[in-house]
Structure formats: C-alpha cells, structure tokens
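# Chain and residue survey
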Amino acid sequence: MQPTFALPPTNVGAPHFRLSPLSQTLISLGMVSTSEAMLAQRSSRITGQRLADVYGHRYSISSLTLVTVFAELYGCQIVDPTRHTIDSDALKLFGAQSALRMSVLPWRRLGKAMVILTDKPDQFLDHLPKLVAVFGAVRMGLTTSDQLHSTIIAHASTTMVHAAESKVPVDQSCRSWNARKAGIICATAAIGLSVAIYFAPAIVLAVFAAIAIALLVMTTFLKIAAMFVYHEHVSENLTPLTGALPRISIMIPLFRENEIADHLLSRLRDLNYPTELLDICLVLESDDSTTRNALGRAVLPTWIRPIIVPQGSLRTKPRALNYALDFADGDIIGVYDAEDAPESDQLLKVAARFANSDPKVACLQGVLDYYNDSSNWLTRCFTIEYASWFRVILPGLERLGLVVPLGGTTLFFRRKILEELGGWDAHNVTEDADLGVRLARAGYRTELINTVTQEEANGRAWPWVKQRSRWLKGYAITYAVHMRSPRKLWNDLGPRKFWGVHLLFGGTLIQFVLAPILWSFWLLPFGVHHPLLNFLSPAMFWALGATFFASEAVSLTVAWLALGQANKRWLWKWAFSLQLYFPLAAMAAYKGLAELVWKPFYWDKTMHGVLMPRARGWRGKFRASTSQPARRASIE
C-alpha cells in the first residue's frame, strides 16, 4: 500500500490570512509573488519548517538575500567572519559540533557581550539559554550559512576530523586493531597447521571437512527458516500522515566520480519529496579533483550541497560519513552510493514507515538490485546473489529476530539514535555490517522496507574479487571486535542473536576459506579418489551426498523465490552456474584475510560506469526511472 498524506484544505484566500514580515519584504523586493508567498507560508505551517528554508529551497532565494532581509527586520549587522579575525577560543569552548547543530558562531567579544553570528535569527531565542550559560551576555549578529560553515571549518577542521575518526567508543571500534599482533597469531597458526598436516594430513583434512559440512548444514537450515518466514508480510496499512513529514538528509559519499551531472543529479531530481524537507549532502574528499571538477560543471539546486572532507589519518567512507553528519540537518539520515537509482517514492515510504514504527526501530534497509544484470555472466550471478540476500535472506533474518548485517546504501536512520551510537566506525571497511551489530547490541531494531534501489553490478573478475575481499575483511574485523568480550556480547544480544552473529560473520568467513575442501568431493563422480573416503562408511558417503544435494536445492529454491519477487526469473537458469561463481569469493576471502595483517584499513574502491547494461537488462523500467521529469510531493 502506498503511503498517503492527508493535508488540510488551503486557506490562502481567507480574510484572516496574514503575510509575515519576511514574506512582505520579499514581495516588495520582487523576489516572490503574493500567491507564492502565501503558498510558502502554508508549506511552512504544515511541515514545521522555517519559512526562510522554504523560500530558499522552493524558490531558490539565496542565503545572502535572506540574511539581508533579516538584518532589516531584526536591526542587526551583517558580518563576514571569513574576512575578520574570530575568537577561536570561544569557538573551541562552545564546540564546533554544537555550533554547527545550532547554526551559530561565537565571533568576538564587544564590550561585555559576546557577539554570536547566525544565519537563522528566527531560532536564536531557542539557543539563548545555552549561549548565555557559556558566554554570559550575548548579542546577535548575522552571516550567511556558507560563511558560518566555512569559518567553523577553517578554525576547527582538525578537531572535527579527529572526532570523525574516533566517534565510536574504542571498545566497539577496530581502530585499536594491532596488525603486527594479528600477523604473529597468523604466522603461529600457520606453523602449527603445517606441522599437523605433516604428521597427520588425513586427520587435519577430516577435521576441516567436518567443520565445513557442519557450517553448510547450519546455513542450509537458516535459509530454509528464512524461506518460511520472509513472506510474512509486515503490515503496510500505514496510518495516513497528516503532512508532518520529517526533514531527510541524504549523504552520498563520492570519490573520483566524473558523471555527477549526467546520472546522479538527474536521479536525485526524480525523488518525489518536498524540496524544502530535503537535504542532499554530496560528500567528497578535499583532494578529489575529479569529483570537484565534475561538480563545478553542474548546476546544483539549493537543496543539494557539497561537503568537503579534509584529509586525515585515513580515507574511508565511514570517516567521510561521520564528518558530514555534523553538517546534515535532517531528522532522518539516509545513505546512497553515487551509482544508485532509488525509486522515486522511496523517501515517502521511509517517512511513512518510520512514523508507523516502534521507536526502537532505528534503521530501515531498502532492497538493492542491479540494472546491468544482463551485461555478462558475472553480473547475472551477482544479481542472483543479491536478490537472494535482500529479498529472502535478510527479511528472514529480521523476522527470525537475528542481527541484520546492513548493506552500504539505501539505509535510513533515526538521527538521534545514530548519534547516540557514535555514527560509523571510521576504520571499519564494512562499516554498514558493523553498525547493524552495534544497533542490535544497543537494543534497537533494523527492518527491511519494500522499496528498491538499482545499482551497478561489478562485472569484471578481479575488481569483483577486490570488492568482495574488502567486504570479507570487514566481516573478519567486525567479528573480532565484537568477540573481544564474548560474555558482554551474549548479555547485549541474548542467545539467539549471539549465535546468529557467529554463523553470519565467523561462519561466512570459515565457509569461504574451507570451501575448496567441499568442492573436492565433486571430483568423486569423475572417478578421482578422495583421501577422506577411507573415513566414510557407505551410509556416511550417501548422507554426505544427500547433504550437498539438499544444500544446492535449497539455494536454487531461494534464488527462484527471490528472482520471482524481482521480476527477473529469466535469470534463474544462470543460478545453476553459481558453483563456478563462488570460487571467486574464496579467492576474495584469502586476499581479505591476508590484508588484515598488512593493510587492515585500506579501502579498495570499486570503479563504476565500466559496463553499460544491455537492452534486456534495462527492461524498460530503469530507463524510465531516470528519464522521466521530476514529480515532487505537493504541499499546495
């Protein structure tokens, strides 16, 4: 069921309708018409947004114009803090994060009063008690939002960068990961294993095979359980919203992206959500000239803005997200990737779902799919794998009450909870999955939401291995971090989620590492002798064969169900070739585990725009979603 929004009838022409001083001044300046001013005031009243923000986002009135009008209305002086020395100690005392959140800047003391600059004088009284508690007597001055942000960054970037890299408490972060110690442990384990193989190779092989088979059985039963519950429909009979839509900030980390105007911006314009409630933050690194040049060639609407992340001790997506979080002003924080093509009504569904959810639902995870599914064999298999994961397995995990490892995009958070948890672990290369565990440990829930974002599948073998090795390396670090104190993890999660974490993180890694042992049994039908045959009775041999057959049958059934939901059942014949696809994941696991020793925090970026989808892969749907004119949610 589509979310609905019941808005009160307009009273624009009512005799009692009064224009605000801001509206009257803008009309006198010829910036807006009387009817536009009335509509802007109605929008502000319905949504609860500042009237100045409505004018800025809906009618593209600049911040400088608005501040100039405010200066006349409030009798305040306009100051450009980028051209004058500010009291850095005062800013440090108040805190850069607090200054950004309140949109204020302690400038300098004149006489006994501290002059506080702001671009939102209509909200100054709300912050006055805290300002007075810190500075005593204060006076208000005005500046633009760009100048306010630029000045704070210029004087506090080092502090903000450090905070972005260390927001997560150290006991739940991997920043204390000791690569040297990990190397010593791995080397010791390798020596011990080599000795064991030398003296008893068959026994070692049998033990590893038993572990791999046990994990195979457990994951097969988990898939069966997920199949039984994934279709249990979470009620979409949402209570109609009465216009009180939340402000949503979407953060999009960018790095070496050259096609901003042609693809990303056109998809963002297709989002059906009031622009005065939309805050799109394009997050890019300060030395990323490629993306900055691309943005320089684009014309950004007032509701889309770049956020430049200064250089620090590392370069990762979660670090950039943490830094940008201080600048985002939405009540809901969303994350997209540069190549994403979300459904046009996605944000409306997110707003409705949060409004109808328990406050403990901290995160909504959308469904990811691929628009270049027919480019080659690898993209077909990737699409099958993702369909199974996002359309059957993850919904099943949610409804089984297990931890949901988040995907890296189409994520939406309640801002207060995200800040409470410290945002993302800046050092973790799978910050999404780690955050899913930390949400569960704090007693919050993640739910899947029935809205799809199209992405670009990685269709080249070695880049695929590099991308997957980063994911598996992050899984390993996440598992190690949260298993530092097993007893505390047990207390935080409870038995069901605790064992689920073992299977999803530790079990996944071990399965990929030991997968070649299981694959070796497929040589038996070809007459190749297997060293473990001496340990297997005929009954055990047939039981093993039945286990392998059942596992494949379950995986094919999951793929069939998932592709049916995705309207891509034509891909199912390719599911039989997944046995040739997953050896790449084993290679990625070995690469990722090796990197734990020599570059644990290295972020191997995936390049996009390499493989364009063939005609069948578009299937008409994606082309339409990126070429139709924007259709905004109306408040008029």
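So, how was this worked out
Residues numbered from 1 in each chain as written. Predicted model: local features only at pLDDT ≥ 70, side-chain atom pairs only at ≥ 80, totals over all residues. Heavy atoms only, no water. Buried < 20%, exposed > 50% of the residue type's maximum accessible area, 1.4 Å probe, protein only. Helix = DSSP H or I, 4+ residues; strand = E, 2+ residues; numbered from the N terminus. Arc of directions from axis to C-beta. Salt bridge = Lys/Arg side-chain N within 4 Å of Asp/Glu carboxyl O. Polar contact = N/O pair within 3.5 Å; in protein donor to acceptor, adjacent residues only side chain to side chain. Contact = heavy atoms within 4.5 Å. Pairing = 2+ DSSP bridges. Axes fitted to C-alpha atoms, helices over the stretch in contact; angles between N-to-C directions.

### Quick word on helix α14 (residues 346-355)
- Counting buried residues in α14 gives nine out of ten residues, a clear majority hidden from the surface.
- Those residues of α14 lying buried are Gln346, Leu347, Leu348, Lys349, Val350, Ala351, Ala352, Arg353 and Phe354.

### Here we look at helix α12 (residues 289-296)
- When α12 is considered as a whole, its buried residues turn out to be Thr291, Ala294 and Leu295. Projected down its long axis, α12 carries its buried residues within an arc of 100°, all on one side.

### As for the pattern of salt bridges
- Going through the model one piece at a time under the given rule, you end up with 27 salt bridges.
- Its salt-bridge partner being Glu276, residue Arg58 comes within 2.8 Å of it at the nearest N-O pair. With Arg58 in helix α3 (residues 51-59) and Glu276 in the loop between α11 (260-269) and β5 (278-285), this residue pair connects regions lying 218 residues apart in the sequence.
- A salt bridge links Asp373 to Lys568; the shortest N-O distance between them is 2.9 Å. Note that Asp373 is positioned in the loop between β9 (361-370) and α15 (377-399) and Lys568 in the loop between α20 (538-565) and α21 (578-581), a separation of 195 residues in sequence.
- Linked through salt bridges whose partners overlap, the residues forming this network are Glu165, Glu285, Asp287, Arg315 and Arg319.

### Some points on the side chain of Thr508
- Here Thr508 shows up in helix α19 (residues 486-519).
- A polar contact of 2.5 Å, which involves the side chain of Thr508, links it to the backbone oxygen of Leu504.
- Once residues lying within four places of it in the same chain are set aside, the contact partners of Thr508 are Leu472 and Leu503.

### Considerations on the sheet that holds strand β1 (residues 104-110)
- Pairing in this open sheet of three strands is mixed, and the strands run β1-β2-β3 from one edge to the other. The open sheet has two edge strands with one neighbour each: β1 and β3 (138-142). Here the average twist between neighbouring strands, direction ignored, is 30°.
- In terms of strand pairing, β1 meets strand β2 (residues 113-118) through six bridges, oriented antiparallel. Counted as the bridge partner of Arg109 is Met114 from β2.
- Contacting β1, β2 and β3, helix α7 (residues 124-135) runs over the sheet at an angle of about 130° to β3.
- Contacts from helix α8 (residues 145-165) reach β1 and β2, with the element oriented near 80° to β1.

None of this, on its own, says anything about what the molecule does.
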